[in-house]
Amino acid sequence: MRLFLLTLFCLTLFALNSILCRAALITWGMEPLQYTAVRSLSAAAMLAFLCMSRVIKPQENAGTIWKQVWQQSSWAGGMCLFMYMLSFSLAYVSIPSAAGTLILNISVQFGMVGWGIWQGLHPNRRQVSGLAIAFVGLAALMSPGLTAPPLVSSLLMVVSGLAWAGYTLCGRAASSAPLATAGNFFRCAVAGSITACLALCFEGSAHPLAYLCALAAGALASALGYTLWYAVVPRYSLVGSSIIQLSVPLITAVLAVILLAEPITLRLVVCAIPILGGICLALLAKKNT
């Protein structure tokens, strides 16, 4: 029960990233550069606190914790993380929370699979079939129509998902996921500081609650959520942890209805079935070496 509750808490924090972003941008009038800057900088500050308080622990006989977070991370990972955040904020200016999370989720999967194929891995028929079904569902969701999410925002969310896939791939060589996460957020904060300067020059001020949403998204939903997830995920298999994360779009949809009064369209429900079902089929398929 404790593991279930902690897992549910982590997944809810992931879903809150979308809810807090939409609340800050749409409800409280924040602009995307400001949101990206506050989210990235507050996440870096929270992770610095977790490192100083030894919640994130250094590895033994490997130098100071600050040296280790730098060695475990990379500029490529930090910039992929920043691109994920920036595209995420720009997309949520006009795309609903649930649709955005759904597109983000499938884009991450396609990015990871695409990289694997590029590196010489060969998906089997069930994996190809599952991803093909998911792609058809995504194409149906994004095709023109009265209830389709805006195309530009949808494409920005695709970029965000591919950037997250790149961030994940950059961390493959890290021996400590929490240390790598902290280091990548510290590097991301460099771009976040530049974004903050641009926001001061080109964007107006927002409601105080918008800044509170951005702070919560960075310090809690991002920094704390990712750190807790890395503590939970070893309890599950690789396939199991991937399938569990398919619930994030559904949690987001429920929270969007409750907290933001966003409608759940028939189109979103119908398209979500092949998207989530196709990804689940691909993840459950026996993998080729």
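Refer to the structure printed above.
Fair warning: this is a prediction, and the values are worked out from it, not measured in the lab.

### Focus: the packing of helix H2 (residues 32-52) against helix H8 (residues 177-202)
Between H2 and H8, the shortest axis-to-axis distance is 8 Å and the interhelical angle comes to 145°. For the crossing formed where H2 meets H8, the hand is left-handed. Contacts between H2 and H8 involve Leu33, Gln34, Ala37, Ser40, Leu41, Ala43, Ala44, Leu47, Ala48 and Cys51 from the first element and Thr181, Ala182, Phe185, Phe186, Cys188, Ala189, Gly192, Ser193, Thr195, Ala196, Leu198 and Ala199 from the second. Looking at the contact of H2 with H8, its residues break down into 16 nonpolar, six polar and no charged.

### With respect to the packing of aromatic side chains
All chains considered together, the criterion is met by eleven aromatic pairs. The interplanar angle of 50° and the centroid separation of 5.6 Å between the aromatic rings of Tyr84 and Phe88 together place this pair among those described as tilted. Residue Tyr84 and its partner Phe88 are located together in helix H4 (residues 75-91), separated by four residues, close to a single helical turn. Ring geometry for Phe88 and Tyr92: centres 4.9 Å apart, planes at 80°, overall edge-to-face. Summarising the burial analysis for this pair, Phe88 and Tyr92 share the class buried. These aromatic residues form a ring-pair network of at least three members: Phe14, Tyr84, Phe88, Tyr92, Trp164, Tyr167, Phe185, Tyr226 and Trp229. Sitting over the ring of Phe88, Arg39 keeps its end group 5.1 Å from the ring centre.

### Digging into the pattern of salt bridges
Side-chain pairs of opposite charge can arise where the charged atoms are in close proximity. By the definition in use, this model includes one salt bridge. Put simply, Arg22 and Glu262 hold a salt bridge, and the shortest N to O gap is 3.0 Å. Note that Arg22 is positioned in helix H1 (residues 2-27) and Glu262 in the loop between helix H11 (248-260) and helix H12 (266-284), a separation of 240 residues in sequence. Summarising the burial analysis for this pair, Arg22 and Glu262 share the class buried.

### Overview of a nonpolar patch on the surface
A surface patch of nonpolar side chains, amounting to about 730 Å² of accessible area, comprises Trp70, Trp75, Met79, Val190, Ile194, Leu198 and Phe202. For the nonpolar patch, the element with the highest residue contribution is H8, accounting for four residues. Relative accessible area serves as the criterion here: at 45%, Trp70 is assigned to the partly exposed category.

### A short note on the environment of Ala216
Here Ala216 is to be found in helix H9 (residues 208-232). Taking the C-alpha atoms as reference, Ala216 lies 8.2 Å from Ser42; in sequence the two are 174 residues apart. In this structure, Ala216 is in contact with Leu20 and Ala221, ignoring residues within four places of it in sequence.

### A closer look at helix H3 (residues 65-72)
Since the α-helix packs 3.6 residues into each turn, any two residues three or four apart lie on the same face. The complete set of buried residues in H3 reads Ile65, Gln68, Val69 and Gln72. When H3 is viewed along its axis, its buried side chains cluster within an angular range of 100° and face the same direction.

### Looking at the nonpolar core
In globular proteins that are soluble, nonpolar side chains generally tend to be buried together. If you look at the biggest cluster of nonpolar residues, it comprises 69 residues, and the most contacted ones within it are Met30, Tyr35, Tyr84 and Met157. Considering each element in turn, this core owes the most residues, ten residues, to H1. Filtering out sequence-adjacent residues up to four positions away, Tyr35 remains in contact with Asn17, Leu20, Cys21, Ala24, Leu25, Met30, Ser89, Cys213, Ala214 and Ala217.

What counts, and where the lines are drawn
Counting from 1, residues in each chain are numbered in the order their sequence is written. It should be noted that, the model being predicted, local features are given only for residues of pLDDT at least 70 and side-chain atom pairs only at 80 or more, the latter also being counted only at that level, while totals for whole chains, interfaces and linings use all residues. Excluded from the side-chain calculations are hydrogens and water; all other atoms, namely the structure's heavy atoms, are used. Fitted lines through C-alpha atoms give the axes, limited to the stretch in contact for helices. The angle between two N-to-C directions lies from 0 to 180 degrees. For helices the rule is a DSSP run of H or I covering at least 4 residues; for strands it is a run of E covering at least 2, with both sets numbered from the N terminus onward. In a left-handed crossing the near helix is turned counterclockwise from the far helix by less than a right angle, and in a right-handed crossing that turn is clockwise. We call two residues contacting when some pair of their heavy atoms lies within 4.5 Å. Following the grouping adopted for this structure description, the nonpolar residues are Ala, Val, Leu, Ile, Met, Phe, Trp, Tyr, Cys and Pro, the charged ones are Asp, Glu, Lys and Arg, and the polar ones are all others, Gly among them. Each aromatic pair joins two rings of Phe, Tyr and Trp (for Trp, the six-membered one) with centres within 6.5 Å, and gets the label stacked for planes under 30 degrees apart, edge-to-face for over 60, and tilted for any other angle. To sort residues, take the accessible area from a 1.4 Å probe on protein chains only and compare it with the maximum for the residue type: under 20% means buried, over 50% means exposed, and anything in between is partly exposed. To sit over a ring, a charge needs its Lys NZ or Arg CZ within 6 Å of the ring centre and within 35 degrees of the ring normal. When a carboxyl oxygen of Asp or Glu lies within 4 Å of a side-chain nitrogen of Lys or Arg, that pair is called a salt bridge. Residues enter patches when they are more than 30% accessible in relative terms and free of salt bridges; like-charged ones are connected within 9 Å and nonpolar ones (Val, Leu, Ile, Met, Phe, Trp, Tyr) within 5 Å. To be clear on the numbers: accessible area is Shrake-Rupley with a 1.4 Å probe, and residue cover counts the displayed protein chains and nothing else. Think of the arc as the fan of directions from the helix axis to the C-beta atoms. Remark: nonpolar core denotes a set of buried residues (Ala, Val, Leu, Ile, Met, Phe, Trp, Tyr, Cys) joined through side-chain atoms within 4.5 Å.

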